[in-house]
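Spelled out from the first residue to the last, the chains are:
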Amino acid sequence: MDVRIRRFGLAVMIGAVPAVLAAPNATAAVTGVSVEQPAEGLRTGCSYTVTVGVDAPVSEAGEVTIGISGGSVPGNGKQLGVAVYHPENGTATFEWTPEYIGRQNLVAQQFKPGQYTSTDYITVEVVGRGLNTGSSCLPLP
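What you see is a predicted model; the values in this text were computed from it and never measured.

(A) Spotlight on the overall build of the protein. Looking only at helices and strands, the protein features two helices and 10 strands. Secondary structure elements of the protein, listed N to C terminal, follow the sequence α-β-β-β-α-β-β-β-β-β-β-β. A total of 141 residues make up the protein; the buried ones form 34% of that total. Put simply, of all contacts in the protein between residues at least 6 apart along the chain, 61% involve residues at least 24 apart. Summed over its atoms, the accessible surface of the protein is roughly 8300 Å², and 59% of this surface lies on carbon and sulfur atoms.

Right, dumping it as structure tokens:
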């Protein structure tokens with residue numbers, strides 16, 4: 001009986017090794033996407049900060065990219081660029097200037113080349129055109 005118990009214990013221990021080794025990649029995730037939105041709404045021609053929460057550093061889980069997906073606007077599937085990772089608070093930020101008026105999804109993906117890690121998105125509404133004055137966004141007709 002001791003032999004069976006030892007074999008069972010060894011099998012459980014060996015079976016757990018892949019799960020332990022895979023844990024860092026399995027838990028790496030984009031934890032949220034947000035966009036600073038002024039009271040007058042988002043407008044083309046003006047810049048807004050997209051903030052992405054990540055629970056694993058870029059060095060482990062890969063870079064964070066931002067793109068547009070879905071919605072009723074042109075540019076579906078367009079990659080906008082790579083966000084800047086901030087290890088001190090577990091976020092990545094990207095300065096986004098909308099090109100199209102209408103509802104659209106801003107998609108954040110964290111991945112290493114050839115290896116998908118995670119993705120999340122936020123649906124936003126760009127309400128009109130604007131003029132970036134440097135300190136604010138003036139609505140245009």
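(B) Spatial organisation of the sheet that holds strand 1 (residues 30-35). Taking strand neighbours across the sheet as the criterion, the four strands line up as 1-3-7-6 in an open arrangement whose pairing is antiparallel. The sheet is open, and its two edges are formed by strand 1 and strand 6 (84-86), each paired on a single side. Direction aside, neighbouring strands of the sheet carry axes that sit 25 degrees apart on average. Across six bridges, strand 3 (residues 48-54) lies against strand 7 (residues 91-96) in antiparallel orientation. Following the sheet pairing, Tyr48 is matched in strand 7 by Trp96.

(C) Structural view of the nonpolar core. With 22 residues, the main nonpolar core has Val35, Val50, Val52, Trp96 and Leu106 as its most contacted residues. Those elements giving two or more residues to this core turn out to be strand 1, strand 3, strand 4 (63-69), strand 7, strand 8 (102-112) and strand 9 (115-132). By residue number, the principal contributor to this core is strand 3, which donates four residues. Those residues in contact with Trp96 that sit more than four places away from it in its chain are Leu42, Cys46, Ser47, Tyr48, Val50, Leu80, Gln104, Leu106, Val124 and Val126.

(D) Structural view of the environment of Tyr121. Relative to the helices and strands, Tyr121 is located in strand 9. For Tyr121, a relative accessible area of 49% corresponds to the partly exposed category. Linking Tyr121 and Ser34, residues 87 residues apart in sequence, is a C-alpha distance of 8.4 Å. Once residues lying within four places of it in the same chain are set aside, the contact partners of Tyr121 are Val33, Asn105, Leu106 and Val107.

(E) Spatial organisation of the pattern of salt bridges. Taken as a whole, this structure holds two salt bridges when the rule is applied. Note that Glu99 is salt-bridged to Lys78, the shortest N-O span being 2.5 Å. One end of the pair, Glu99, is in the loop between strand 7 and strand 8; the other, Lys78, is in the loop between strand 4 and strand 5 (79-82), with 21 residues separating them in the sequence. Exposure remark for Glu99: the relative accessible area of 46% places this residue in the partly exposed category. When the shortest N-O distance is used, the salt bridge between Arg103 and Glu125 registers 3.5 Å. Highlighted residues: Arg103 in strand 8 and Glu125 in strand 9, separated in sequence by 22 residues.

Reading guide: rules and limits
- Residues numbered from 1 in each chain as written.
- Predicted model: local features only at pLDDT ≥ 70, side-chain atom pairs only at ≥ 80, totals over all residues.
- Heavy atoms only, no water.
- Helix = DSSP H or I, 4+ residues; strand = E, 2+ residues; numbered from the N terminus.
- Buried < 20%, exposed > 50% of the residue type's maximum accessible area, 1.4 Å probe, protein only.
- Contact = heavy atoms within 4.5 Å.
- Areas by Shrake-Rupley, 256 points an atom, 1.4 Å probe, with all protein chains shown as cover.
- Pairing = 2+ DSSP bridges.
- Axes fitted to C-alpha atoms, helices over the stretch in contact; angles between N-to-C directions.
- Core = buried A, V, L, I, M, F, W, Y, C linked by side-chain atoms within 4.5 Å.
- Salt bridge = Lys/Arg side-chain N within 4 Å of Asp/Glu carboxyl O.

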